[in-house]
Amino acid sequence: MEAYGKTDTGKQRSTNQDSIFISTKPIGPLPNLFIVADGMGGHAAGDFASRYAINVVTKFVRGSTIKSPISLLKRAFILASHKLFEEAEKDKDKYGMGTTMVAAVIVDGELFVANIGDSRLYVLKDDIQQVTMDHSLVEEMIRNGQLDRKNGRNHPEKNIITKAMGSRDEAMPDFFELTLDQGDKILMCSDGLSNMVEDDEICDILLDSENDEKAVSSLIDKANYYGGNDNISTIVITV
């Protein structure tokens with residue numbers, strides 16, 4: 001397994017509120033762990049939220065004895081959300097902060113994914129497939145038949161998130177599991193990539209890049225070419 005990731009401020013933002021984590025080696029009971037988080041709540045608070053949430057999750061995983069990846073990620077996500085809320089209550093400058101998070105673990109050819117918010121995970125087999133579902137107002141409108149996906153891409157309320165870490169209510173992530181084949185590629189990203197680059201173009205870049213590092217750089221370059229309206233975080237994993 002190979003993996004490479006990078007986060008970029010983009011062209012329009014002065015700070016980077018995204019954070020990533022990559023470990024191809026064992027961490028606690030997990031054989032590997034990959035995370036993308038996109039913070040919200042003002043410059044300092046959003047930056048803090050994504051980094052803090054990843055630190056809570058990885059610390060919990062390192063100290064855990066839970067064998068099931070889904071059970072472990074569920075506990076870690078809920079804990080991180082709760083601790084983020086506590087931090088926001090203590091500091092008025094961080095009030096209302098939160099973060100999206102998508103995490104992935106590969107165990108014996110099985111991919112386990114936890115997701116909250118609109119950071120995404122895709123799998124590239126013969127074609128690209130979005131595994132996660134956005135927790136966003138626009139995605140809810142699409143699923144309810146109020147909006148078609150093509151028009152949803154440029155909807156003015158596209159950035160409204162309906163679920164994130166750090167909320168007062170318990171923020172339960174979605175979970176996904178699928179079987180991987182040798183040569184499959186996994187893409188994890190913040191909406192700074194997925195909002196700027198169409199899925200078919202992402203697919204072409206992944207197929208045409210000679211390695212994961214080149215793929216990540218090309219994807220970030222393409223998002224910046226189209227305007228770089230947000231921070232851009234990308235992890236590419238080859239099975």
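These notes cover the structure that comes with them. Remember, predicted model here, so these are calculated numbers, not experimental data.

Focus: a negative patch on the surface
Right, on to step 1. Taken together, the side chains of Asp126, Asp127, Asp200, Asp204 and Asp208 present a region of like negative charge at the surface.
Right, on to step 2. Its location among the elements puts Asp200 in helix 6 (residues 199–208).
Right, on to step 3. Residue classification places Asp200 among the exposed positions, given a relative accessible area of 53%.

A word on the sheet that holds strand 1 (residues 2–8)
Right, on to step 1. Taken in spatial order, the five strands make up an open sheet running 1-10-9-6-7, and their pairing is antiparallel. The outermost strands of the open sheet, each flanked by one partner alone, are strand 1 and strand 7 (128–130). Put simply, the sheet's adjacent strands are angled 15° from each other on average, direction ignored.
Right, on to step 2. The sheet contact formed by strand 9 (residues 185–189) and strand 10 (residues 232–238) spans five bridges and is antiparallel.

Considering helix 6
Right, on to step 1. Buried within helix 6 we find Glu201, Ile202, Cys203, Ile205 and Leu206.
Right, on to step 2. Contacts made by the buried residues of helix 6 are with strand 6 (120–124), strand 7, strand 9, helix 5 (191–194), helix 7 (212–225) and strand 10.

Quick notes on the sheet that holds strand 3 (residues 33–40)
Right, on to step 1. Within the open sheet, the five strands sit side by side as 2-3-4-5-8. Their pairing is antiparallel. The open sheet is flanked by strand 2 (18–23) and strand 8 (174–179), the only strands paired with a single partner. When the angles between neighbouring strand axes are averaged without regard to direction, this sheet yields 10°.
Right, on to step 2. In this structure, strand 4 (residues 98–107) lies alongside strand 5 (residues 110–116), joined through seven bridges in antiparallel fashion. From the neighbouring strand, Val105 faces strand 5, where its bridge partner is Phe112.
Right, on to step 3. Across the sheet, helix 2 (residues 69–90) lies against strand 3, strand 4, strand 5 and strand 8, angled at about 20° from strand 5, the strand it touches most.

What about the packing of helix 6 against helix 7?
Right, on to step 1. At their nearest, the axes of helix 6 and helix 7 sit 9 Å apart, and the two run at 150° to each other. The two elements helix 6 and helix 7 cross, and the hand of that crossing is right-handed. Residues Glu201, Ile202, Ile205 and Leu206 of helix 6 form the contact with helix 7, whose participating residues are Ala215, Ser218, Leu219 and Lys222.
Right, on to step 2. Tallied by class, residues from the contact of helix 6 with helix 7 come to five nonpolar, one polar and two charged.

Remarks on unusual backbone geometry
Right, on to step 1. Not every positive phi belongs to a glycine, and Asp108 is a case in point at roughly 50°.
Right, on to step 2. Inspection of the secondary structure puts Asp108 in the loop between strand 4 and strand 5.
Right, on to step 3. On the basis of relative accessible area, Asp108 is assigned to the exposed category, the value being 79%.

Focus on the side chain of Thr132
Right, on to step 1. Of note, Thr132 is situated in the loop between strand 7 and helix 3 (137–143).
Right, on to step 2. In terms of polar contacts, Thr132 uses its side chain to reach the backbone amide nitrogen of Leu121, at 3.1 Å.
Right, on to step 3. Those residues in contact with Thr132, other than ones at most four positions away along the chain, are Val102, Val113, Asn115, Ser119, Arg120, Leu121 and Phe176.

Focus on the packing of aromatic side chains
Right, on to step 1. Per the counting criterion, the structure on display carries two aromatic pairs.
Right, on to step 2. Pairing Phe48 with Tyr52 gives two aromatic rings, centres 5.1 Å apart and planes at 20°, and the pair type is stacked. Placement of the pair is Phe48 and Tyr52 together in helix 1 (residues 43–62), with a separation of four residues, close to one helical turn. Here Phe48 matches Tyr52 in class, with each residue buried.
Right, on to step 3. Above the face of the Phe48 ring, Lys94 is positioned so that its terminal group lies 4.7 Å from the ring centre.
Right, on to step 4. The ring of Tyr225 carries the charged tip of Lys222 above its face, separated from the ring centre by 5.4 Å.

What counts, and at which threshold
Residues numbered from 1 in each chain as written. Predicted model: local features only at pLDDT ≥ 70, side-chain atom pairs only at ≥ 80, totals over all residues. Heavy atoms only, no water. Patch = residues over 30% accessible without salt bridge, like charges linked within 9 Å, V, L, I, M, F, W, Y side chains within 5 Å. Areas by Shrake-Rupley, 256 points an atom, 1.4 Å probe, with all protein chains shown as cover. Salt bridge = Lys/Arg side-chain N within 4 Å of Asp/Glu carboxyl O. Lys, Arg positive; Asp, Glu negative; His and termini not counted. Charge placed at Lys NZ, Arg CZ, Asp CG, Glu CD. Helix = DSSP H or I, 4+ residues; strand = E, 2+ residues; numbered from the N terminus. Buried < 20%, exposed > 50% of the residue type's maximum accessible area, 1.4 Å probe, protein only. Pairing = 2+ DSSP bridges. Axes fitted to C-alpha atoms, helices over the stretch in contact; angles between N-to-C directions. Contact = heavy atoms within 4.5 Å. Left-handed = near helix turned anticlockwise from the far one by under 90°. Nonpolar A, V, L, I, M, F, W, Y, C, P; charged D, E, K, R; others polar. Polar contact = N/O pair within 3.5 Å; in protein donor to acceptor, adjacent residues only side chain to side chain. Phe/Tyr/Trp six-rings, centres within 6.5 Å; stacked < 30°, edge-to-face > 60°. Lys NZ or Arg CZ within 6 Å of the ring centre and 35° of its normal.

Remember, this is a structural readout, not a statement about activity or role.
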